[in-house]
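The chain contents come next:
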Amino acid sequence: MNIPATDLMTALRSGHSTSPRLTWYGPDGERVELSGRVLDNWVAKTSNLLQDELDAAPGMRLRLDLPAHWKSIIWALAGWQLGMEVVLDSDDADLLVTAAPAEAEGGFDAVVAVTLPALAMKWPGDLPAGVVDYAAEVRSHGDVFMAHSEPDPQHPALRSSGGVAVNHADLLEGFAAGHGSGARLVVRAEDGLEAALANVLGAWTNDGSVVLVHRDVELTDKLLAAERVHGD
């Protein structure tokens, strides 16, 4: 049985698969553009890393200790594709994905370190023993994801900051933000990861796309025109 996250990934890699779906503006002039096909490729590789290397399974809890960033979006989609619960504000989880592995404490089955610069091929420096280096490992995993276990649509996908539990079956209706068809939206990273996830899901559900902008990037008229931002 498919869950909405799986259906969404199918849609992103099918119709208009070469069109931009997620564009990231980061510090120091960094710009990353992901088409539907490339986005699906990253999510598939990350899902395979979770399933094959970290023994992730439906119903497990995935803690994302990450800012709003294009890699955070990838990780959330990968967890949802497996039928996991994405945890944004609690250390009570099975697996931890973090940009600060040196600060991670015990209690997790596995810890994954995510370096945020787009061109980083490995973690800069030494990692604590047993920590998985996402940048170094993800590219070796398959481009197509096949789940070993069928996810349960009634299992939780996440709990919102308001304390509301959202099941996988309701992820695109109960959590995703409402946006018009085909909109090209600006989402500010400073509003947090939960807001970014709600907005990208809402945009993609309605065949739109998102420009995710770091707090240090100025939203100039030139940038908005270049990215053809429109709709709401």
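Residue numbers run consecutively from 1 along every chain, following the written order of its sequence. At least 70 in pLDDT is required for a residue's local features to be given in this predicted model, at least 80 for side-chain atom pairs to be given and counted, and no such filter applies to totals for whole chains, interfaces and linings, which use all residues. Only hydrogens and water are set aside when side-chain values are computed; all heavy atoms of the structure are taken into account.

Asker: Any chance you could explain the side chain of Thr23 here in plain terms?
Answerer: Secondary-structure assignment places Thr23 in strand E1 (residues 20-25). Exposure classes here rest on a 1.4 Å probe applied to the protein chains alone. A residue is buried below 20% of its type maximum, exposed above 50%, and partly exposed in between. For Thr23, a relative accessible area of 0% corresponds to the buried category. Under this definition, polar contacts are N or O atom pairs within 3.5 Å; protein pairs additionally need one hydrogen-donor-capable and one acceptor-capable atom, and for neighbouring residues in sequence, both atoms have to be side-chain atoms. Polar side-chain contacts of Thr23 include one of 3.0 Å to the side chain of Arg184. Setting aside residues no more than four positions away along its own chain, Thr23 makes contact with Arg31, Val32, Glu33, Arg184, Val210, Val211, Leu212 and Glu227. A run of H or I in DSSP becomes a helix once it reaches four residues, and a run of E becomes a strand once it reaches two; helices and strands are each numbered from the N terminus. Whether two residues are in contact is decided by their heavy atoms, any of which lying within 4.5 Å being enough.

Asker: Help me out: how do you make sense of the environment of Trp75 in this one?
Answerer: Relative to the elements of secondary structure, Trp75 occurs in helix H3 (residues 70-82). A residue is classified by how much of its surface remains accessible, and Trp75, at 0% relative accessible area, is buried. Counting along the chain gives 13 residues from Trp75 to Leu62, while the straight-line C-alpha distance between them is 9.1 Å. Leave out the neighbours within four places in its chain, and Trp75 touches Thr46, Leu49, Leu50, Leu62, Leu64, Leu66, Val97, Val112, Val114 and Tyr134.

Asker: Which parts of the structure should I look at to understand unusual backbone geometry?
Answerer: When glycine is set aside, most residues are seen to have a negative phi, and most peptide bonds are trans. Positive phi outside glycine occurs at Asp55, with the angle close to 60 degrees. Structurally, Asp55 can be placed in the loop between helix H2 (36-53) and strand E3 (61-65). Exposure remark for Asp55: the relative accessible area of 58% places this residue in the exposed category. With a phi close to 60 degrees, Asp207 is a non-glycine residue in the positive phi region.

Asker: Teacher, can you tell me more about the pattern of salt bridges here?
Answerer: Here the idea is simple: oppositely charged side chains can pair when their charged atoms come close. Here a salt bridge means any side-chain nitrogen of Lys or Arg lying within 4 Å of a carboxyl oxygen belonging to Asp or Glu. Summed over all chains, the structure comprises nine salt bridges. Where Asp143 meets Lys45, a salt bridge forms, and the shortest distance between an N and an O atom there is 2.7 Å. With Asp143 in the loop between helix H4 (134-137) and strand E8 (156-159) and Lys45 in helix H2, the pair connects residues that are 98 residues apart, well separated along the chain. For Asp143, a relative accessible area of 42% puts it in the partly exposed group. Between Arg61 and Asp92 there is a salt bridge, and its shortest N-O distance comes to 3.6 Å. Remark: Asp92 occurs in the loop between strand E4 (85-87) and strand E5 (95-98) and Arg61 occurs in strand E3; sequence separation between them is 31 residues. Using a relative accessible area of 21% as the deciding quantity, one classes Arg61 as partly exposed. Judged by relative accessible area, Asp92 falls into the exposed class, the value being 55%.

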